[in-house]
Amino acid sequence: MPKQRITKAVFPVAGMGTRFLPATKSIPKEILTLVDRPLIQYAIDEAREAGIEEFIFVTSRGKSALEDYFDTAPELESKLAAKGKDALLNEVERATLPSGAIAYVRQNQALGLGHAVWCARRLIGDEPFAVLLPDDVIKSDVSCLKQMVDAYNGGSMVAAMEVPNHKISSYGVLDINAHVGNVVSVNGMVEKPERADAPSNLAVIGRYILSPNVLRNLDTTGVGAGGEIQLTDAIAKDITDQRGVFGYKFEGTRFDCGSKSGFLQATVACALERDDLRDELMEYLQSMLMMRTAAE
């Protein structure tokens, strides 16, 4: 039996972005840019590469700029075309999603990631779907979600990476059963365990392919770690299911753009990839390093 295609993706973007205040007082965090592309654009591009055709955003009050970003901009596009700025026009058009491909649902209460995904249940129906957290920007030759879609063979799958022991308590952590290449079968999942209680150092990162059964689990999943409804808890309930839960050790570099330091690192990494910025930025970074070394 051929595996079912993954064509729908959920983007939980209802968070207030308090770690980036005061900027996020009026600008959705997901619109903050790495050089000149918003965080959300990286997630959308990754989803497109993986074959996603329907994009579901779980939003909240104050996110209208996020919705406008994916709409057409006829006046801007006309001016760019008239001035022959084709490269910029292509970038603007790339940020536009076609009518009918995008939907928005509101999360009226900040009850956690699990609750945010649950809010999209009526748009997902009874089929497997992806979840992408825009805070996690993953740079790789083949997008992380595309790697997962290629490896997916039923059940639920989470992206996973090894993290230092002192950071374990910030993540959902996998209790590993067995490895087969980049895929690991899972005995259990623990949300934000203390270092001494962590079953491994393999942490769940913000990319998921989920069985629709996870949505049914969320109907009965109570409050978990941090006083929120945890997606990890709902996924863990499926471990005993015949199809199981798997981790996927993706190839690539992940930047935690939910933190200021991770956001800055991602900005520098993105800039260094660009021919128009690399040399000047490298010269500046080297001069700063020399000045700091001399001062010490």
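Residues numbered from 1 in each chain as written. Predicted model: local features only at pLDDT ≥ 70, side-chain atom pairs only at ≥ 80, totals over all residues. Heavy atoms only, no water.

Visitor: In this structure, what is going on with the nonpolar core? I would like to understand it.
Guide: One broad rule of soluble globular proteins: the nonpolar side chains tend to lie buried together. Of all hydrophobic cores here, the largest spans 36 residues; its most connected members are Phe-11, Ile-40, Phe-55 and Phe-57. Secondary-structure elements contributing two or more residues to this core are strand 1 (8–12), helix 1 (39–49), strand 4 (54–59), strand 6 (129–132), helix 7 (144–151), strand 8 (156–162) and strand 11 (202–210). Core analysis: the next-biggest nonpolar cluster, separate from the first, contains 31 residues, Ala-116, Val-117, Leu-174 and Val-184 among them. (Core = buried A, V, L, I, M, F, W, Y, C linked by side-chain atoms within 4.5 Å. Buried < 20%, exposed > 50% of the residue type's maximum accessible area, 1.4 Å probe, protein only. Helix = DSSP H or I, 4+ residues; strand = E, 2+ residues; numbered from the N terminus.)

Visitor: What exactly am I supposed to notice about unusual backbone geometry here?
Guide: In terms of backbone geometry, most residues other than glycine have negative phi values and most peptide bonds are trans. Of note, the bond from Leu-21 into Pro-22 is cis; its omega dihedral lies within 30 degrees of zero at 5°. Of note, Pro-22 is situated in the loop between strand 1 and strand 2 (33–34). Its identity as a non-glycine residue notwithstanding, Val-35 has a phi of 65°, on the positive side. Checked against the element boundaries, Val-35 lands in the loop between strand 2 and strand 3 (37–38).

Visitor: How should I be thinking about the pairing of strand 8 in this particular structure?
Guide: Side-chain positions along a regular strand alternate between the two faces of the sheet. With five of its seven residues buried, strand 8 lies for the most part within the structure. Where strand 8 and strand 11 come together, six bridges link them in antiparallel fashion. Following the sheet pairing, Ala-159 is matched in strand 11 by Ile-205. (Pairing = 2+ DSSP bridges.)

Visitor: Looking at this structure, how should I read the packing of helix 3 (residues 74–82) against helix 4 (residues 86–94)?
Guide: Two quantities define a packed helix pair, namely the angle between the helix axes and the distance between the axes. Remark: helix 3 packs on helix 4, axes separated minimally by 8 Å, with the N-to-C direction vectors making an angle of 155°. The orientation of helix 3 with respect to helix 4, classified from their angle, is roughly antiparallel. Considering how the two elements wind past one another, helix 3 and helix 4 form a crossing that is left-handed. The segment helix 3 lies against helix 4, with Leu-76, Glu-77, Leu-80 and Ala-81 engaging Leu-88, Leu-89 and Val-92. (Axes fitted to C-alpha atoms, helices over the stretch in contact; angles between N-to-C directions. Parallel < 35°, antiparallel > 145°, perpendicular 65-115°, else oblique. Left-handed = near helix turned anticlockwise from the far one by under 90°. Contact = heavy atoms within 4.5 Å.)

Visitor: Sorry if this is basic, but what is going on with the confidence of the model for the protein chain here?
Guide: Caution applies to low-pLDDT regions: their predicted coordinates should not be interpreted in detail. With 96% of its residues at a pLDDT of at least 70, the protein chain reaches an overall mean of 88. Strand 9 (residues 172–180) is the least confidently modelled element of the protein chain, averaging 83 in pLDDT, while strand 6 averages 96, the highest of any element. (pLDDT = per-residue confidence, 0-100.)

Visitor: I would appreciate a short explanation of the side chain of Ser-60 in the present structure.
Guide: Tracing the chain through its elements places Ser-60 in the loop between strand 4 and helix 2 (64–69). Within polar-contact distance, the side chain of Ser-60 engages the backbone oxygen of Ala-14 at 2.8 Å. Apart from the residues lying within four places of it in its own chain, the contact partners of Ser-60 are Ala-14, Arg-106 and Gln-107. (Polar contact = N/O pair within 3.5 Å; in protein donor to acceptor, adjacent residues only side chain to side chain.)

Visitor: Can you help me understand the pairing of strand 11 in this one?
Guide: For strand 11, the tally of buried residues reaches nine of nine residues, placing the bulk of the element in the interior. Sheet analysis places strand 6 next to strand 11, joined by four bridges and oriented antiparallel. Following the sheet pairing, Ala-130 is matched in strand 11 by Ile-209.

Visitor: Quick question: what am I supposed to make of the packing of aromatic side chains here?
Guide: In this structure the tally under the stated criterion is six aromatic pairs. On the numbers, 6.2 Å between centres and 25° between planes, the contact of Phe-11 with Phe-55 is stacked. Residue Phe-11 is found in strand 1, and its partner Phe-55 is found in strand 4; the two are separated by 44 residues along the sequence. Each member of the pair Phe-11 and Phe-55 is classed as buried. Where Phe-57 meets Phe-70, the ring centres are 5.3 Å apart and the plane angle is 40°; that geometry is what we call tilted. Separated by 13 residues along the polypeptide, Phe-57 in strand 4 and Phe-70 in the loop between helix 2 and helix 3 bring together distant segments of the chain. Both residues of the pair, Phe-57 and Phe-70, count as buried. A connected cluster of aromatic rings, assembled from ring pairs, spans Phe-11, Phe-55, Phe-57, Tyr-69, Phe-70 and Tyr-104. In this arrangement the basic side chain of Arg-37 is found over the ring face of Tyr-42, its NZ or CZ atom lying 4.1 Å from the centre. (Phe/Tyr/Trp six-rings, centres within 6.5 Å; stacked < 30°, edge-to-face > 60°. Lys NZ or Arg CZ within 6 Å of the ring centre and 35° of its normal.)

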